[in-house]
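So the chains spell out like this:
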2 protein chains.
Amino acid sequence: MTTYDVYAKNCPTRLVLDRLADKWALLVLNRLREEPVRFNQLRRDIEGVSQKVLTQTLRNLERDGLIRRQIFPTVPVTVEYSLTPLGQTLTRTVAALAHWAEENIDAVLTAQQTFDASRASHAHLR
Amino acid sequence: MTTYDVYAKNCPTRLVLDRLADKWALLVLNRLREEPVRFNQLRRDIEGVSQKVLTQTLRNLERDGLIRRQIFPTVPVTVEYSLTPLGQTLTRTVAALAHWAEENIDAVLTAQQTFDASRASHAHLR
DNA sequence: CAGGATCCCGAATGATACTG
DNA sequence: CAGTATCATTCGGGATCCTG
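Named according to an unreviewed UniProt entry, chain A is HxlR family transcriptional regulator originating from Microvirga vignae.

Asker: What's the story with the protein's contact with DNA strand D in this structure? I'm lost.
Answerer: Close contacts around DNA strand D come from 17 residues, with Gln 51, Arg 69 and Tyr 81 of chain A together with Ser 50 and Lys 52 of chain B the closest. The sugar and phosphate moieties of DNA strand D supply 58% of its atoms located within 4 Å of the protein. Arg 59 of chain A is positioned such that a nitrogen or oxygen atom in its side chain is 2.9 Å from a phosphate oxygen of DNA strand D. Here a base oxygen of DNA strand D and a side-chain polar atom of Lys 52 of chain B are 2.5 Å apart. Going through the elements one at a time, helix H3 (39-45), helix H4 (51-63) and strand S3 (78-83) of chain A together with helix H4 (51-63) of chain B are the ones with two or more residues in the surface near DNA strand D.

Asker: Could you clarify how one ought to interpret the pattern of salt bridges in this entry?
Answerer: Close approach of charged atoms lets side chains of opposite charge pair. Counted according to the given criterion, the structure contains 12 salt bridges over all chains. With a closest N to O distance of 2.4 Å, Asp 116 of chain B and Arg 63 of chain A form a salt bridge. In this pair, Asp 116 of chain B sits in helix H5 (residues 85-121) while Arg 63 of chain A sits in helix H4, so the two residues belong to two different chains. Taken together, the salt bridges that share partners define one network made up of Arg 31, Glu 34, Glu 35 and Asp 45 of chain A.

Asker: Would you explain H5 of chain B in this entry?
Answerer: Quick reminder: α-helices carry 3.6 residues per turn. Residues three or four places apart thus point the same way. Taking 1.5 Å of rise per residue, 37 residues should cover 54 Å, and H5 of chain B covers 52 Å from first to last C-alpha, within 8% of that figure. By the largest-angle criterion, Asn 104 of chain B marks the main kink of H5 of chain B, which is about 60 degrees.

Asker: Where do I start with the relation of the copies chain B and chain A in this structure?
Answerer: Relating the two copies of this chain is a rotation about some axis coupled with a shift parallel to it. Of the transformation superimposing chain B on chain A, the axial component is 0.0 Å and the angular component is 180 degrees, with the fit at an RMSD of 0.1 Å. Given the turn and translation reported, the copies of this chain are related as if by a two-fold rotation axis. Using C-alpha coordinates, one finds that chain B approaches the rotation axis most closely at Ala 21 of chain B, a distance of 2.0 Å. Interface overlap between copies is the fraction of interface residues in one copy that are interface residues in the other; for chain B against chain A it reaches 98%, indicating a shared surface.

Asker: What should I look at first to understand the sheet that holds strand S1 (residues 37-38) of chain A in this one?
Answerer: As a general point, the strands of a sheet are linked pairwise by backbone hydrogen bonds and lie either parallel or antiparallel. Residues and elements named next belong to chain A. Strand order in this open sheet of three strands is S1-S3-S2, and the pairing throughout is antiparallel. If you trace the sheet from one side to the other, it starts and ends with S1 and strand S2 (67-72), each paired once. Bridge count between S2 and S3: six bridges; the pairing is antiparallel. Across the sheet, the residue bridging to Arg 69 is Tyr 81, located in S3. Together, S2 and S3 form the strand contacts of H4, whose direction differs from that of S2 by roughly 110 degrees.

Asker: How do you make sense of the protein's contact with DNA strand C when you look at a structure like this?
Answerer: In the vicinity of DNA strand C there are 17 residues, among which Lys 52 of chain A together with Asn 40, Arg 59, Arg 69 and Tyr 81 of chain B approach most closely. Considering the 4 Å shell around the protein, atoms of DNA strand C inside it are sugar or phosphate in 55% of instances. Separating a base oxygen of DNA strand C from a side-chain N or O atom of Lys 52 of chain A is a distance of 2.6 Å. Breaking the surface near DNA strand C down by element, the ones donating at least two residues are H4 of chain A together with helix H3 (39-45), H4 and strand S3 (78-83) of chain B. Considering every element that reaches the surface near DNA strand C, the biggest residue donor is H4 of chain B, with four residues. Across the surface near DNA strand C, the residue classes tally to seven nonpolar, five polar and five charged.

Asker: What's the story with the interface of chain B and chain A in this structure? I'm lost.
Answerer: Quite often, the size of an interface is put as the accessible area lost when its parts meet. At the junction of the two partners, chain B supplies 51 residues and chain A supplies 51 residues. Buried surface at the junction of chain B and chain A, summed over both partners, amounts to about 4900 Å²; 69% is from carbon and sulfur atoms. When the buried surface of chain B facing chain A is broken down by residue, Tyr 7, Arg 63 and Trp 100 of chain B rank first, second and third, together holding 17% of it. For the interface between chain B and chain A, the tally reads four salt bridges. When contributions to the side of chain B that touches chain A are tallied by element, the ones reaching two or more residues are helix H1 (12-20), helix H2 (23-32), H4 and H5 of chain B. Counting residues per element, the side of chain B that touches chain A draws most heavily on H5 of chain B, at 18 residues. Here the residues of the side of chain B that touches chain A sort into 27 nonpolar, nine polar and 15 charged.

Definitions and cut-offs
Residues numbered from 1 in each chain as written. Chains lettered and ligands numbered in written order. Predicted model: local features only at pLDDT ≥ 70, side-chain atom pairs only at ≥ 80, totals over all residues. Heavy atoms only, no water. Near = heavy atom within 4 Å. Polar contact = N/O pair within 3.5 Å; in protein donor to acceptor, adjacent residues only side chain to side chain. Helix = DSSP H or I, 4+ residues; strand = E, 2+ residues; numbered from the N terminus. Salt bridge = Lys/Arg side-chain N within 4 Å of Asp/Glu carboxyl O. Expected span 1.5 Å × (residues − 1). Bend = angle between axes of the 7 residues up to and from the residue. Least-squares fit on C-alpha atoms with pLDDT ≥ 70 in both. Contact = heavy atoms within 4.5 Å. Pairing = 2+ DSSP bridges. Axes fitted to C-alpha atoms, helices over the stretch in contact; angles between N-to-C directions. Nonpolar A, V, L, I, M, F, W, Y, C, P; charged D, E, K, R; others polar. Buried area = accessible area lost by both parts, 1.4 Å probe.

What follows is the structure, encoded as structure tokens:
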């Protein structure tokens, strides 16, 4: 049994990778890692996400079996999102990504400035 | 020193996370993990990426200091991309993501089928 | 070989209004 | 509260042609 060719179009692993390569999905997973959260709470916590896009993101994650959608018949209705066991195994890796980002943000910002500066120096047009 | 609020718009960590939340970037980083690769080789290895998008992806990664672009004055010119030390620290995490995807692809596909089936059952319109 | 420059279309997103 | 539905809009990405 050989390992998948991750770079091939038809590779199922790329389906998963494509889904994870979504900034909102990563942020949602990271947020749910702490605790179950309700829809509007998520909407408020994750700045900049629209209601429509948040809904789509949640549906996709639910479809992938990563999060669970639980409805409580209160008035008005309450909907709570939480990680499934499968989702929990994933968030360990997602958390590592977030952790890397926090630790290396300075190095990245510095690199960006250096890059931009060198481009500006030999910008001729305009 | 408190930790960043990862969910706030202005959080620099989200800049990094947004950049990483790119399927082509993840695939490129994962590919460069093995060895330095030339432009057209990358284009061939990563199925489905257009020349334009690959160029953009590489520029962004270079700007972030994650990969290095090396030009060899051959005829015609040769351009080789490789990971920087910073990029190498990141690819360990990226590899973990890819690894998770490979290990859990079956669970995800099964979840998708279950989800789709339950939706189809109570689809009334059309 | 490794891109830059253009044209262009469809998918993704935002805004708005409505509902169980 | 937690969405769905619709419309208007943009803009990322593909296709194509060109160049150092």
